[in-house]
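# Fold and contact review
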Amino acid sequence: MKPSRRETLALLAGSAATVLAGPAQARAEPTLSEAARGAGIVFGTSIAADTLADPAQATLYRREAGIFTVDYALKFGALRPEADQFLTADADAILAFAGPIPVRGHTLAWNESRPDWLMALSTAEKRKALDRHVDETVGYYAGKLHSWDVVNEPFWPGHGLPGGFRDGPWLEAFGEGYVERAFRRTAAADPNVRLVLNEAMTERWDETGAAIRAGLLKLVDRLQDRGVRLDVVGLQGHMLPQYPYDDNGFSDFVAELATRRVDIYITELDIDDARFPRDVAARDAMVAARYRDFLSAVLVVPAVKMVITWQLADSASWYYHGELEAHPSASRLPRPLPFNDHLQPKPARDAMLAAFGSRRA
Ligand code: G3I
């Protein structure tokens, strides 16, 4: 019987624990959050409830991160798998684990996290569902979160809709106005939480990326023209080597976005190494180079205040879980992150330290 994901992680943790729990050595190198602080930014990682159950991973995440983003537990589908449920236990546990480390909520309105019961509602009922979800969820966590990804991934040109908006229950409910509605209701329910508009694929230097960048700039301008509070734009940073990238061109886009007087967070950084060579050393070197080049380019922009990887250790990555689920006996596992599946630093970690070091506070 295939070990569950938690069992697999526990097995990995067992081997990792012996490494991390080894003789206490004075750490010659700064942690990623220490190095980031020296560059005037915050470094963090997404975190899932699984991590809390693995002492070795928990130690690494607490040591390296200056902020956490809740990976899954605050999504609509996780909180409300059924219409009469509001399952906060995992997110509450992450908040308790984080202690003084700030936590980011992810995400209130995303047209992808959509349980069947929601999709079965009428349009009028979907409107009520979004209003209730935002009011209740933001109210429940009021004062406890650093920021909310209020709206995630508003655009997807592939859906062929006017303005390139992403299709889904919230667009059906309110048209593109769902974005403004979600921001206004979040601000009303928690006046102190920072409000983030989070988008994917803006880094791609192709027709799709250009369309999303153009749409995002227009949406930011429209929200601001209507007096909607927008504190931060989150750019996810999932780097997919099958697409073209122009780091300097992207850096110019980030600078253009910054003229809107918003802070900018890189919110979900990771490097998909699926198309890199099989050899681990070669793969790790290419992943490290990608982190170095991308971060060096975007950190030129002073408005970039935060860099968050989408998990911290390879074995916690969505790529890793996806590969294990598709191929349980896979001999080649993804290595997208700064620490490996034994929680040891990789060249990518060194590349990130160097990129942070290259931007002095
Ligand atoms: O925890 C449940 C488990 O109890 C249940 O048995 C199992 C059954 O399938 O599902 C588990 O939940 C999974 C969850 O991850 C936690 O592991 C969901 O099925 C799975 O769909 C979910 O995938 C997440 C995905 O977003 C969809 O929410 C990934 O972990 C997460 O890394 C990914 O993150 C997204 C960002 O939110 C937005 N940007 C893109 C990024 C990558 O897709």
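What counts, and where the lines are drawn
- Residues numbered from 1 in each chain as written.
- Predicted model: local features only at pLDDT ≥ 70, side-chain atom pairs only at ≥ 80, totals over all residues.
- Heavy atoms only, no water.
- Helix = DSSP H or I, 4+ residues; strand = E, 2+ residues; numbered from the N terminus.
- Expected span 1.5 Å × (residues − 1).
- Buried < 20%, exposed > 50% of the residue type's maximum accessible area, 1.4 Å probe, protein only.
- Contact = heavy atoms within 4.5 Å.
- Domains from an automatic or database assignment.
- Buried area = accessible area lost by both parts, 1.4 Å probe.
- Salt bridge = Lys/Arg side-chain N within 4 Å of Asp/Glu carboxyl O.
- Polar contact = N/O pair within 3.5 Å; in protein donor to acceptor, adjacent residues only side chain to side chain.
- Nonpolar A, V, L, I, M, F, W, Y, C, P; charged D, E, K, R; others polar.

### Here we look at helix α8 (residues 123-140)
- The terminal C-alpha atoms of α8 lie 25 Å apart, and with 18 residues this matches the ideal 26 Å at 1.5 Å per residue to within 8%.
- Listed as buried for α8 are K126, A129, L130, D131, H133, V134, T137 and V138.
- Residues of α8 that are buried in the fold lie against α5 (76-79), β3 (103-110), α7 (116-119), β4 (147-152), α9 (169-174) and α10 (177-189).

### Regarding the domain arrangement of the protein chain
- Examined at the domain level, the protein chain breaks down into domain 1 (1-66 + 271-361) and domain 2 (68-89 + 101-236).
- Using only C-alpha atoms to locate each centre, domain 1 and domain 2 end up separated by 26 Å.
- Across the boundary between the two partners, domain 1 contributes 13 residues, which contact 10 residues of domain 2.
- When the two sides are added together, the surface that domain 1 and domain 2 hide from each other amounts to roughly 930 Å², 70% of it contributed by carbon and sulfur.
- Inspection of the domain 1/domain 2 interface yields 0 salt bridges.
- If you look at where domain 1 meets domain 2, you find 4 residue pairs in polar contact (both at pLDDT 80 or more).
- Of all elements in the fold, only β1 (42-47), α4 (55-64) and β9 (304-309) reach the threshold of two or more residues within the side of domain 1 that touches domain 2.
- For the side of domain 1 that touches domain 2, the leading source of residues is β1, giving 3 residues.
- Its residues placed into classes, the side of domain 1 that touches domain 2 shows 8 nonpolar, 4 polar and 1 charged.

### Details of the pattern of salt bridges
- All chains considered together, the criterion is met by 25 salt bridges.
- When the shortest N-O distance is used, the salt bridge between R63 and E64 registers 2.9 Å.
- Residue E136 pairs with R80 through a salt bridge whose shortest N-O separation is 2.9 Å. Of this pair, E136 sits in helix α8 while R80 is found in the loop between α5 and α6 (89-98), placing the two residues 56 residues apart along the sequence.
- R80 sits in the buried class, given a relative accessible area of 2%.
- One network of salt bridges, with partners in common, ties together D131, D135, R181 and R185.

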